[in-house]
Structure formats: C-alpha cells, structure tokens
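# Coordinate analysis (summary)
Listed below, chain by chain, are the residues.
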Amino acid sequence: MEFKLLLVEMDSDEIVWKAKLRECDWVQHDQSKNVSKSSTSDGAKTLLTDDQLITLAGKLGKDWISIGIFNLELDRSDIDDIQKKEENVAICKFRMLKKWQDKELSNATVQNLYNCLKNVSAEVQDVLEGFPLEVAKRLKDMGRALS
C-alpha cells in the first residue's frame, strides 16, 4: 500500500513538497514475532515526524518568525538563514520547526511543542492535539476507507 503526501500552498495551489510513503516507511516489524508494533500514543513521549511538522507549518500564520524567536527560542540568525535558503514561506515555516526539533533532540516531543505553542492560535492547538494519534494508525484507517 502506498500513499502520496503533498504540501500545497493554499493561495496558489502550488505543490511545495511531495513524497511517496510506502508501508515499509511507517510500519516496523518485530523480527522475532513477525508482528507489527507501533510507537506510543502518549504525546509526552512521542517524537514529532516530518509529516506532523509539515501539517503544523501549514497552520502557522504570518507571525511565524515571531513564533520561532519567542515561542521556540530560536536565534534571529537561524530564521535569517532559513529565509535565505527558501523563497517559499511554507517551506521556511517547516524548516523553522525542523530547526527547533534539531535543537531539542529527544525533547522534540508533541507535548513539548504543545507547551511552546500554547499561546498561539486555536487552530495550531487543534493540530497539535491531534498529533499523539499515531501516523501509522491514521494511514491504516485511510487505507481501509479507500478500499
């Protein structure tokens, strides 16, 4: 089973990122039991995936630079570097979230990002509250719905 993931700029409908996701990308097999196992659904321990960061990036508004500096505690120089590399704002927002993730390492969890962004928009809060639900489970459910 394969899925195509697209990040589309809402105003122009331009595709700014795409990827093919295969079952082997989101399912881990326990070799001794040959049974699939999934990660914890506890947001306090669940590390964020690129897909989740892309989803969240799409919900950040025009004040994403302030969010990066004040909420995520990134340096202004980091934001400037991100803006120099990409012209597309959606990709810049994603790279900003990735920079936070790289800085936080094992603390780049759903819960920690939620805590950092708790004073941002309600839309961002809603997206973050949906993240503890495992990506693999969502994709399986989508596959069932499509078949």
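Because the structure is predicted, anything quoted here is derived from the model rather than measured.

## A look at helix H3 (residues 64-71)
Among the residues of H3, Trp-64, Ile-65, Ile-67 and Gly-68 are the ones counted as buried. On an axial view of H3, the arc spanned by its buried residues comes to 165 degrees, and they lie on one face. In this fold, the buried residues of H3 make contact with helix H4 (76-85) and helix H5 (89-104). Downstream of H3 by a residue or two, Glu-73 has a phi angle that is positive, lying close to 55 degrees.

## Here we look at the packing of helix H2 (residues 50-59) against helix H7 (residues 122-130)
Each pair of packed helices can be described by the angle between their axes along with the distance between the axes. In the contact formed by H2 and H7, the axes pass within 9 Å of each other and the chain directions differ by 165 degrees. Comparing the axis directions of H2 and H7 gives the class roughly antiparallel. Seen from above, H2 lies across H7 with right-handed handedness. On H7, the residues that touch Thr-55, Leu-56 and Lys-59 of H2 are Glu-123, Val-124, Val-127 and Leu-128. Residues belonging to the contact of H2 with H7 are distributed by class as follows: four nonpolar, one polar and two charged.

## With respect to a nonpolar patch on the surface
A cluster of nonpolar side chains, namely Leu-6, Val-8 and Ile-15, defines an oily patch on the protein surface of about 250 Å² accessible area. Within the secondary structure, Leu-6 sits in strand S1 (residues 2-8).

Each value, and the rule that gives it
- Residues numbered from 1 in each chain as written.
- Predicted model: local features only at pLDDT ≥ 70, side-chain atom pairs only at ≥ 80, totals over all residues.
- Heavy atoms only, no water.
- Buried < 20%, exposed > 50% of the residue type's maximum accessible area, 1.4 Å probe, protein only.
- Helix = DSSP H or I, 4+ residues; strand = E, 2+ residues; numbered from the N terminus.
- Arc of directions from axis to C-beta.
- Contact = heavy atoms within 4.5 Å.
- Axes fitted to C-alpha atoms, helices over the stretch in contact; angles between N-to-C directions.
- Parallel < 35°, antiparallel > 145°, perpendicular 65-115°, else oblique.
- Left-handed = near helix turned anticlockwise from the far one by under 90°.
- Nonpolar A, V, L, I, M, F, W, Y, C, P; charged D, E, K, R; others polar.
- Patch = residues over 30% accessible without salt bridge, like charges linked within 9 Å, V, L, I, M, F, W, Y side chains within 5 Å.
- Areas by Shrake-Rupley, 256 points an atom, 1.4 Å probe, with all protein chains shown as cover.
- Salt bridge = Lys/Arg side-chain N within 4 Å of Asp/Glu carboxyl O.

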